[in-house]
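Descriptive structure summary
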Amino acid sequence: MLQSMVGFMLFAALTLVSGTSTYGKEIIEDVHEQFQMQKQQLPLSVMPSTTNPGDVIFVRSNRAQAVTLFSQTYRLQPSQGEYSRFIPIPFNTKPGIYQVTTTDKQRSVPLTISPKKFAVDVLTVSNQLNDMRQDTNRINADQKKINAARSNSAKVPYFKGAFTQPAVGTLTTPFGYQRVVNGVPANRHSAIDIANKPGTPIWASNHGKVVLADSLYLTGNTIIIDHGLNVFSIYAHMSKLEVKVGQEVKQGQVIGLMGTTGFSTGPHLHYGMLIGNTYVNPQPFFEASPFQWK
């Protein structure tokens, strides 16, 4: 059926091309693109096929509505004529070859998890800063705001291309470092820190919608952007917020200025990417569009 429809549309387009109008050429290009997309759609695809702990995979299917991985079931979300979902790879995942399998067991795709070591980041802070981490009431209150902001995501992605670096500066803390604060092991640093002078512009790393723009206890002036398909980005410790909740932003748009608000030892941007409430390595998003991962 698809081939016959494409054939008819191509015939009509060629008829138009024979005249002086370029409209027919545009139809041909559009139909060809749609046909190629149809051919490329697979019953089940997993991208990338090789990844690391802390990273993320993008599962797509034109049939399956759920898959299993790591003995868990993940329901795929309907979007743009297919089913898809980003699945985070836990930090404690052991290297090996795993299977992403449709719940009806009709399709299975191998996924290779390669080993990766994360360095230790030793941080010494003042007693005043260290005490901030003990105020669980304020921290929990802010976490409720954060969870609410990330509770819903657009079913159609705002983005198409790769994400871009949100600021110019020096990468002071890479993704995944194990933090040790004042000699005591702390949470893993599941984001990146980019340092520069106060007032350095902070850009939206991709198109999206602002779902949180607020002053929080630990992260200071903070923005969260929903990019769709349960993909979020977070920008923290800023000196000034330039956008409001509900506002749609474009990639590269200034959303704030670098600062040192909240639990911070100096001017920098704490930038993270999340799938729902789970932080993931942003580097694959910088390198290519998820729709082009291999």
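Residues numbered from 1 in each chain as written. Predicted model: local features only at pLDDT ≥ 70, side-chain atom pairs only at ≥ 80, totals over all residues. Heavy atoms only, no water.

**Brief notes about the nonpolar core**
Ranked by size, the top nonpolar core spans 31 residues in total, and within it Phe86, Tyr235, Ile255 and Phe285 carry the most contacts. Sorting the residues of this core by element identifies strand E3 (56–61), strand E14 (192–195), strand E17 (220–228), strand E18 (231–238), strand E22 (268–275) and helix H5 (283–287) as the ones contributing at least two each. At four residues, E22 tops the list of elements feeding residues into this core. Dropping the residues within four chain positions of it, phenylalanine 86 is found in contact with Val56, Ile57, Phe58, Phe159, Leu229, Val231, Ile275, Phe285, Pro290 and Trp293. Of all hydrophobic cores here, the second largest spans 14 residues; its members include Val46, Val67, Val100 and Ile113. (Core = buried A, V, L, I, M, F, W, Y, C linked by side-chain atoms within 4.5 Å. Buried < 20%, exposed > 50% of the residue type's maximum accessible area, 1.4 Å probe, protein only. Helix = DSSP H or I, 4+ residues; strand = E, 2+ residues; numbered from the N terminus. Contact = heavy atoms within 4.5 Å.)

**Comments concerning the sheet that holds strand E8 (residues 96–102)**
Spatial ordering of the open sheet is given by E2-E9-E8-E4-E5, a layout of five strands whose pairing is mixed. Looking at the sheet topology across the chains shown, the edges are occupied by strand E2 (50–51) and strand E5 (72–75). Bridge count between strand E4 (residues 66–69) and E5: four bridges; the pairing is antiparallel. Note on E5: the bridge partner recorded for alanine 66 is arginine 75. (Pairing = 2+ DSSP bridges.)

**Remarks on the pattern of salt bridges**
As enumerated under the stated definition, the model contains five salt bridges in all. Residue arginine 60 is joined to glutamate 82 by a salt bridge in which the shortest nitrogen-to-oxygen separation is 2.8 Å. Of this pair, arginine 60 sits in strand E3 while glutamate 82 sits in strand E7 (residues 82–88), placing them 22 residues apart in sequence. Here lysine 145 and aspartate 214 are joined by a salt bridge, their closest N and O atoms 3.3 Å apart. On the criterion of sequence distance, the pair formed by lysine 145 in helix H4 (residues 136–149) and aspartate 214 in strand E16 (residues 208–216) is long-range, its members being 69 residues apart. (Salt bridge = Lys/Arg side-chain N within 4 Å of Asp/Glu carboxyl O.)

**What about unusual backbone geometry?**
A cis amide bond links methionine 47 with the next residue in sequence, proline 48, at an omega value of -10°. On the secondary structure map, proline 48 appears in the loop between strand E1 (45–47) and E2. For serine 71, which is not glycine, the phi torsion reads 65° and is therefore positive. When its relative accessible area of 82% is taken as the criterion, serine 71 is described as exposed. One non-glycine residue with positive phi stands out, namely lysine 105, at about 65°. Looking at the secondary structure, you find lysine 105 in the loop between E8 and strand E9 (108–113).

**Quick look at the packing of aromatic side chains**
Counted according to the given criterion, the structure contains 13 aromatic pairs. Between tyrosine 271 and phenylalanine 286, the ring centres sit 6.0 Å apart and the planes meet at 25°, which makes this aromatic pair stacked. In this pair, tyrosine 271 sits in strand E22 while phenylalanine 286 sits in helix H5, placing the two residues 15 residues apart along the sequence. Across the pair, exposure class does not vary: tyrosine 271 and phenylalanine 286 are buried alike. Linked through ring pairs, Phe58, Phe86, Phe159, Phe163, Phe285, Phe291 and Trp293 together constitute an aromatic cluster. One cation-aromatic arrangement involves arginine 188 over phenylalanine 91; the distance from NZ or CZ to the ring centre is 4.4 Å. Across the ring face of phenylalanine 118, the terminal group of arginine 188 is positioned such that the distance to the ring centre comes to 5.2 Å. (Phe/Tyr/Trp six-rings, centres within 6.5 Å; stacked < 30°, edge-to-face > 60°. Lys NZ or Arg CZ within 6 Å of the ring centre and 35° of its normal.)

**Quick notes on the layout of surface pockets**
Over the atoms a probe the size of a water molecule is rolled, and this reveals where empty space is left. What the largest pocket holds in volume is close to 1,200 Å³. Taken together, 41 residues line the largest pocket, and the ones lying closest to its centre are Asn187, Arg188, Leu218, Thr219 and His270. Here the lining of the largest pocket is composed, by residue class, of 18 nonpolar, 15 polar and eight charged. (1 Å grid on protein atoms, 1.4 Å probe; cavity = no way out; pocket = protein on both sides within 12 Å on 5 of 7 lines; lining within 4 Å. Points joined across faces, edges and corners; volume = space filled by probe spheres on them. Nonpolar A, V, L, I, M, F, W, Y, C, P; charged D, E, K, R; others polar.)

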